[in-house]
Amino acid sequence: METFVPATTATPVINRRHSDTLKVWRQWSLARVFLLASLCVLLAKGLAMGAWVGNQVEQSALRNDATITSLYVDSVVSPSLQPLATQDTLSATDIIALDRLLKTVLLRENIVTLKVWSHTGQVLYSSNPLLIGRSFAVDSELGQALNGEVSAQITTLQDPENELERQHWSRLVSVYVPVRKGWSGQVLAAMEFYQLPD
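First, a word on scope: everything that follows refers to the structure included in this document. This structure is a prediction, so every number in the text was calculated from the model and none was measured.

Remarks on the overall build of the protein
Counting its secondary structure elements, the protein contains five helices and five strands. In the protein, 55% of the contacts between residues at least 6 apart in sequence involve partners at least 24 apart. As presented, the protein carries roughly 12,600 Å² of accessible surface, and 60% of it is formed by carbon and sulfur atoms.

As for the sheet that holds strand S2 (residues 123-126)
Strand order in this open sheet of five strands is S2-S1-S5-S4-S3, and the pairing throughout is antiparallel. Looking along the sheet, the strands with just one partner apiece sit at the ends: S2 and strand S3 (151-155). With direction set aside, neighbouring strand axes in the sheet form an average angle of 20°. Pairing geometry for S3 and strand S4 (residues 172-180), over five bridges, is antiparallel. Along S4, the bridge assignment pairs Thr 155 with Leu 172. Its contacts with the sheet put helix H3 (residues 92-104) on strand S1 (111-117) and S2, and the angle it makes with S2 is roughly 40°.

Definitions and cut-offs
Per-chain numbering applies: the sequence of each chain, read as written, is numbered from 1 onward. Local features in a predicted model are, by the rule used here, given only for residues with pLDDT of at least 70; side-chain atom pairs are given and counted only at 80 or more, and totals for whole chains, interfaces and linings are based on all residues. Hydrogens are left out, water is left out, and the side-chain values use all remaining heavy atoms of the structure. We count a stretch as a helix when DSSP gives it H or I for four or more residues in a row; a strand needs E for two or more, and each element gets its number in order from the N terminus. Any pair of residues with heavy atoms lying within 4.5 Å of one another is described as a contacting pair. Values of accessible area rely on a 1.4 Å probe in the Shrake-Rupley scheme; residue burial ignores everything except the protein chains shown. Here, a strand pair is defined by DSSP locating no fewer than two bridges between the strands. Fitting a line to C-alpha atoms yields each axis, with helices limited to the stretch in contact; the angle taken between N-to-C directions then spans 0 to 180 degrees.

Spatial relationships are all this shows, so hold off on functional conclusions.
Shown next as structure tokens:
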């Protein structure tokens, strides 16, 4: 047979536990409390420092990998983009040559797609032919490349021009590289290529 315990008898048990906890804290010396507080602060700082160092290492590796790959891609692709020095778009022959490069040489570097952008944000070449000729807003990374800088980031492919990539991947390393005219250094366009993250 079960016995019924009224709710009022549970209250002294809770109060007793609370008072037992207070007694333990009162028995601790000031040095112990300080030691515990210091340990908590050190643990929090250690975790924050670890996260920061991990982020710095990831960013450094991303920049180094992007720089090395961009030099390679630039040396392979830029010769095919030199017609942009005298014309605003790429011819059908130029596009076929870029398609061939993407399918043969660039895939060995884990490059899954390539785009060439004009200064106005028009897609001059893309591995997705439906994007060629379309215009998009020039974001900060593309703007950096059009100003002569290499930029890289891990992207979740949420931009409107990433509709093809979103169908196959959830994130990629996006690298923007300026396309320069021969030896003069004038920026003709910007290349954007996507690599699989390591």
